[in-house]
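Per-entry structural report
What follows is each chain in one-letter form.
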Amino acid sequence: MSNSLTAISRSRVTGPLSVLIAMAITFFISLFPVRYLSSTQPANEVWLHILNFNLTWPVLSKWINFAVMMFCGWGLYKINDLFGLSRFRTNLQLLFYILFYIGNPSLFFTSEGTFAALFILGSLFFLFSTYQQSIVSQYGFLIGISLGTMALFWTKGLLYIPIFIIGLSFMRALNFRSFLAVLLGVIAIFWLQFAVNYFMDSTDQFFAQFKDLFRFTIPDFTRLPRVIQGNILLTFVLGLISGINLLINNFKEKVRTQVCYNFVILLSTVASLLTFFDSRHMIGHLTLMYFTIAFLASSVFTSATSRGTTILFYLLLILYSGSFAWITFGL
């Protein structure tokens, strides 16, 4: 990695400065009418309250989303640090996530993605903590609680439960007790919701939220503005290259590092595919795609040593800045 990219990735100034820039851009965006991606969950009664909040307090909604996104970016950095996934500390997880955040201002509001990123972050922490632990049922239950809470706000989040169960097998922690613990965690959350609906005599609303769970709308992706299509495809290609690179070179790392990255690659693949094939409900999937690819790309750019990689990094800064300008000003 060249001196300039090394300095950026390891400097203590990079993180706070990136957050301040993102804060200034978020404030700047509030001065312009930006077209947001549509959020469609008409059968999810919990989400309807968030939607009403967004309409009533649009500025506050924007800043809540900003705070959560910055926390999740910091969380990526801490997961990398706590589990020793890089050979040295790097700010690139946070930097890439902020770059993706800035590059698509059509997501600058409290959305399904806001909750998806927050609770997937928690689920990742609990999952990585299970590696080679003798007792993992408590972590499995916490994973279920986290994913179940996410699904309260975003019903399609239930599609990620099987992925985390597979993740337990990656961590050598999958057994009947841990599997059951995940399911009990999810059921506990929805049992509470069902109880509330039952006492309010509205159980039909409870079951209605699941009717579109396995309904996908592939053609909708082509209806997005071209610049957003380009932004998503650019990020997808970056994730594809990063994932392949990690799969090829992962054998050089510790076993724990290998399985953690392999799971993130799996999670990123699922989120990316659902972004394209469930584009009607894509906000949550897209946010998770950004979230996981920031994690993968940071690993590749941290370990890279070529001048070409540094040039590519600066090219990405230019491309995502262009995406921001185009979406904001309709250039």
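Scroll up for the structure.
Report on the accompanying structure. From a predicted model like this one, the values you see are computed outputs, not experimental measurements.

A few words now on the overall build of the protein. Secondary structure assignment for the protein yields 14 helices and 0 strands. Listed by position from the N terminus, the elements making up the protein come as α-α-α-α-α-α-α-α-α-α-α-α-α-α. The C-alpha radius of gyration computed for the protein amounts to 20 Å, which stays within 12% of the reference 20 Å derived for 331 residues, consistent with globular compactness. Projected onto its principal axes, the C-alpha coordinates of the protein cover approximately 65 × 55 × 35 Å. Across the 331 residues in the protein, those meeting the buried criterion constitute 55%. For the protein, the share of sequence-separated contacts (at least 6 apart) that also reach a separation of at least 24 residues comes to 82%. Carbon and sulfur atoms make up 70% of the accessible area of the protein, which totals about 15100 Å². Looking at the protein, you have 19 positive and 9 negative side-chain charges, and the mean spots of the two groups are 17 Å apart.

With that settled, the discussion passes to the side chain of Ser123. Positionally, Ser123 belongs in helix 6 (residues 112–128). Non-local contacts of Ser123, meaning those with residues more than four positions away in its chain, are made with Ile143, Ser146, Leu147 and Phe164.

Our focus in this paragraph is unusual backbone geometry. Phi is positive for Arg172, close to 60°, though the residue is something other than glycine. Residue class for Arg172 comes out exposed when judged on its relative accessible area of 53%.

Right, let's get into the pattern of salt bridges. For the coordinates displayed, the defined rule picks out 3 salt bridges. In this structure, Lys78 engages Asp81 in a salt bridge whose closest nitrogen and oxygen atoms are separated by 3.8 Å. Taken together, the positions of Lys78 and Asp81, both in helix 4 (residues 58–82) and 3 residues apart, correspond to about one turn of that helix.

Among the secondary structure elements, Asn175 is positioned in the loop between helix 8 (161–170) and helix 9 (176–199). Counting along the chain gives 171 residues from Asn175 to Ser4, while the straight-line C-alpha distance between them is 47 Å. At 2.8 Å, the side chain of Asn175 forms a polar contact with the backbone nitrogen of Ser178.

With that settled, consider the packing of aromatic side chains. For the structure shown, the criterion picks out 32 aromatic pairs. What links up through ring pairs into an aromatic cluster is the set Phe190, Trp191, Phe194, Tyr198, Phe199, Phe206, Phe207 and Phe210.

The grouping of Phe141, Leu142, Leu174, Phe176, Phe179, Leu180, Leu184, Ile187 and Trp191 at the surface amounts to a nonpolar patch, some 870 Å² of accessible area in total. Going through the elements one at a time, helix 7 (137–153) and helix 9 are the ones with two or more residues in the nonpolar patch. The element best represented in the nonpolar patch is helix 9, accounting for 6 residues. Take Phe179: it is sitting in helix 9. Owing to a relative accessible area of 32%, Phe179 belongs among the partly exposed residues under this scheme.

Our next topic: the nonpolar core. Core analysis: the biggest nonpolar cluster contains 102 residues, and Phe96, Phe128 and Ile232 have the highest contact counts within it. The dominant element in this core, judged by the number of residues it contributes, is helix 13 (residues 282–303), at 14 residues. Other than its neighbours up to four places away in sequence, Ile232 contacts Phe221, Leu224, Thr275, Phe276, Met282, Leu286, Met289 and Tyr290.

Here the structure, examined in full by the defined rule, presents 0 disulfides. Cys72 takes part in no disulfide bond, and the closest cysteine sulfur, belonging to Cys260, lies 18 Å away. Here Cys260 falls in the buried class, since its relative accessible area comes to 0%.

Glancing now at the packing of helix 7 against helix 9. Following both chains from N to C, one finds helix 7 and helix 9 inclined at 35°, their axes separated by 7 Å at the closest point. The element helix 7 and its partner helix 9 pack so that their crossing is right-handed. Along its contact with helix 7, which presents Ser137, Gly140, Phe141, Gly144, Ile145, Gly148, Thr149, Ala151 and Leu152, the element helix 9 presents Arg177, Ser178, Ala181, Val182, Leu184, Gly185, Val186, Ala188, Ile189, Phe190 and Gln193. In terms of residue class, the contact of helix 7 with helix 9 is built from 11 nonpolar, 8 polar and 1 charged.

Next up on the list: the environment of Val264. With respect to the element layout, Val264 can be found in helix 12 (residues 255–277). Sequence-wise, Val264 and Phe295 are 31 residues apart; in three dimensions their C-alpha atoms are separated by 7.9 Å. Not counting chain neighbours up to four residues away, the residues in contact with Val264 comprise Phe128, Thr292, Phe295 and Leu296.

With respect to the element layout, Asn65 can be found in helix 4. Judged by relative accessible area, which is 1%, Asn65 ranks as buried. If we ignore the near neighbours within four places in the chain, the residues touching Asn65 are Tyr101, Leu107, Phe108, Phe109, Thr110 and Thr114.

This next bit is on the packing of helix 2 (residues 14–29) against helix 4. Where helix 2 contacts helix 4, the axes come no closer than 11 Å and their chain directions differ by 160°. In terms of axis orientation, helix 2 runs roughly antiparallel to helix 4. By crossing handedness, the relation of helix 2 to helix 4 is classed as right-handed. For the pair formed by helix 2 and helix 4, the contact residues are Val19, Ala22, Met23, Thr26, Phe27 and Ile29 on the first element and Lys62, Trp63, Phe66 and Met70 on the second. Classifying every residue of the contact of helix 2 with helix 4 gives 8 nonpolar, 1 polar and 1 charged.

Calculation criteria
Residues numbered from 1 in each chain as written. Predicted model: local features only at pLDDT ≥ 70, side-chain atom pairs only at ≥ 80, totals over all residues. Heavy atoms only, no water. Helix = DSSP H or I, 4+ residues; strand = E, 2+ residues; numbered from the N terminus. Rg over C-alpha atoms; globule rule 2.2 N^0.38 Å. Buried < 20%, exposed > 50% of the residue type's maximum accessible area, 1.4 Å probe, protein only. Contact = heavy atoms within 4.5 Å. Areas by Shrake-Rupley, 256 points an atom, 1.4 Å probe, with all protein chains shown as cover. Lys, Arg positive; Asp, Glu negative; His and termini not counted. Charge placed at Lys NZ, Arg CZ, Asp CG, Glu CD. Salt bridge = Lys/Arg side-chain N within 4 Å of Asp/Glu carboxyl O. Polar contact = N/O pair within 3.5 Å; in protein donor to acceptor, adjacent residues only side chain to side chain. Phe/Tyr/Trp six-rings, centres within 6.5 Å; stacked < 30°, edge-to-face > 60°. Patch = residues over 30% accessible without salt bridge, like charges linked within 9 Å, V, L, I, M, F, W, Y side chains within 5 Å. Core = buried A, V, L, I, M, F, W, Y, C linked by side-chain atoms within 4.5 Å. Disulfide = S-S within 2.5 Å. Axes fitted to C-alpha atoms, helices over the stretch in contact; angles between N-to-C directions. Left-handed = near helix turned anticlockwise from the far one by under 90°. Nonpolar A, V, L, I, M, F, W, Y, C, P; charged D, E, K, R; others polar. Parallel < 35°, antiparallel > 145°, perpendicular 65-115°, else oblique.

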